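Take a look at the letters that make up each chain.
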Amino acid sequence: MGISNKLLQKICCPTCNGDLLSDELNMLQCNDCGKLFQIINGIPLFTNEKSAYDNLYNQIDFHKHPFGHNIDYAAWRKGKINKEIVKYLEKGSVLDDGGGYGYLKEFLGKENTYYNMEYSYEILNYDTSHLKSVGKGEELPFKDAIFDNIVSGDVLEHVYNKVKYLEETYRVLKPGGIFILNTPRTEWIESYKKSIWFWIPYLGHVTNRIKYLFRDKINLKTPEGVVDIPSNEVWLRNKLETIGYQIIVQKRTDNHLPGLSNKFWRKFADAFINPEKMGHCVFFVCKKE
Ligand SMILES: [Zn+2]
């Protein structure tokens, strides 16, 4: 299967941003620096790094356990965030920058075209969409000012260089384009401490420790190289503005209770935890002027 023309019009060399030639079957070559990139099943591979995420995702059946969670929990949590994201999208192309198994596309209307770029080839096996590529967020394989929207949902915490990742979104976004960012924030425990639910993070922590003790039973090991670092809300807003973004919306989202995922806790969270006050994540809608 060759590469789609729609995708071909958007991609470029991630190293020098030069144009790519596709005269060879299953190969792309940079017109400027000469680098070669392989195409497998219509998916161009812009990084040869065998990512720690491939090793992690290899252990997970994403049909049954998205990111190792039970499917009801994953749909409940991500569903709410994705519904929030699509409210702010403009029509046209949407780059899901670290889009995982492509869950966001199920929330998009006909006015949007979905592109998924992932660091892990493994996870793209679970995404049935057709405009997929493998690359790094810090070195996007896309031309300048080429997307109408970029979405980054639960990705920034897993990126090695957060600032470079954000700068790259700005580069490939069209002027007037929308960038939506959702990522865990460092201060969420502080928000709980000020409420009657101050004990929830501790309970979640204990539950996670117990799950960790049984990690061999559930056969899930986190390989070295997988990072998970939340962001400070003030720091993140400053970075976005320094890069050039105009912040249209800043709020908190995600009332899931880390470590507590069963049906009881989901109902509890929906009844008692206000995401805008206590949310585990910070949510930005940004515009490139
Ligand atoms: Zn190049």
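With an unreviewed UniProt entry as reference, the protein chain is termed Methyltransferase type 11 domain-containing protein, source organism Methanobacterium bryantii.

Let us now look at the coordination of the zinc ion. Donor atoms from the polypeptide that bind the zinc ion are Cys13 (SG), Cys16 (SG), Cys30 (SG) and Cys33 (SG), placed at 2.3 Å. One can describe the site at the zinc ion as tetrahedral: its four donor atoms subtend angles covering 96 to 121 degrees at the metal. Counting gaps between the donor residues of the zinc ion yields the pattern C-x2-C-x13-C-x2-C. Note that Cys16 is positioned in the loop between α1 (5-8) and β1 (20-21) and Cys33 in the loop between β2 (27-30) and β3 (36-40), a separation of 17 residues in sequence. Of the residues examined, Cys16 reaches a relative accessible area of 34% and is grouped as partly exposed.

Turning next to the sheet that holds strand β6 (residues 112-118). Across the sheet, which stays open at both edges, the seven strands sit in the order β7-β6-β5-β8-β9-β11-β10 with mixed pairing between neighbours. Looking along the sheet, the strands with just one partner apiece sit at the ends: β7 (132-134) and β10 (245-253). Each strand axis lies, on average, 15 degrees off the axis of its neighbour in the sheet, ignoring direction. Judged from the six bridges that link them, strand β5 (residues 92-97) and β6 form a sheet pairing that is parallel. Its bridge partner being in β6, Ser93 is matched across the sheet by Thr113. Along the sheet, helix α3 (residues 71-86) contacts β8 (147-153), β9 (173-184), β10 and β11 (281-288); its crossing angle with β11, the most-contacted strand, is approximately 25 degrees.

Below, the discussion takes up a nonpolar patch on the surface. A contiguous nonpolar patch, built from Phe198, Trp199, Tyr202 and Leu203 and spanning about 390 Å² of accessible area, is present on the exposed surface. Take Leu203: it is sitting in helix α7 (residues 200-213).

Considered domain by domain, the protein chain is made up of domain 1 (1-45) and domain 2 (49-194 + 217-288). Spacing between the C-alpha centres of domain 1 and domain 2 amounts to 26 Å. Facing 17 residues of domain 1, the contacting portion of domain 2 comprises 18 residues. Joining domain 1 to domain 2, the criterion identifies zero salt bridges. Our enumeration of links across domain 1 and domain 2 arrives at six residue pairs in polar contact (both at pLDDT 80 or more). Within the residue set of the side of domain 1 that touches domain 2, elements represented by two or more residues are α1 and β4 (43-44).

Now for the packing of helix α5 (residues 162-172) against helix α9 (residues 233-243). At their nearest, the axes of α5 and α9 sit 10 Å apart, and the two run at 40 degrees to each other. One element, α5, and the other, α9, form an angle in the oblique class. Crossing angle aside, the handedness with which α5 passes α9 is right-handed. Residues Lys162, Val163, Leu166, Glu167 and Tyr170 of α5 lie in contact with α9, whose contacting residues are Trp235, Leu236, Lys239, Leu240 and Ile243. Across the contact of α5 with α9, the residue classes tally to seven nonpolar, no polar and three charged.

What counts as what
- Residues numbered from 1 in each chain as written.
- Predicted model: local features only at pLDDT ≥ 70, side-chain atom pairs only at ≥ 80, totals over all residues.
- Heavy atoms only, no water.
- Donors = N, O, S within 2.8 Å, 3.2 Å for Na, K, Ca; no water.
- Tetrahedral: all angles 85-135°; square planar, octahedral: opposite > 155°, others 65-115°.
- Helix = DSSP H or I, 4+ residues; strand = E, 2+ residues; numbered from the N terminus.
- Buried < 20%, exposed > 50% of the residue type's maximum accessible area, 1.4 Å probe, protein only.
- Pairing = 2+ DSSP bridges.
- Axes fitted to C-alpha atoms, helices over the stretch in contact; angles between N-to-C directions.
- Contact = heavy atoms within 4.5 Å.
- Patch = residues over 30% accessible without salt bridge, like charges linked within 9 Å, V, L, I, M, F, W, Y side chains within 5 Å.
- Areas by Shrake-Rupley, 256 points an atom, 1.4 Å probe, with all protein chains shown as cover.
- Salt bridge = Lys/Arg side-chain N within 4 Å of Asp/Glu carboxyl O.
- Domains from an automatic or database assignment.
- Polar contact = N/O pair within 3.5 Å; in protein donor to acceptor, adjacent residues only side chain to side chain.
- Parallel < 35°, antiparallel > 145°, perpendicular 65-115°, else oblique.
- Left-handed = near helix turned anticlockwise from the far one by under 90°.
- Nonpolar A, V, L, I, M, F, W, Y, C, P; charged D, E, K, R; others polar.

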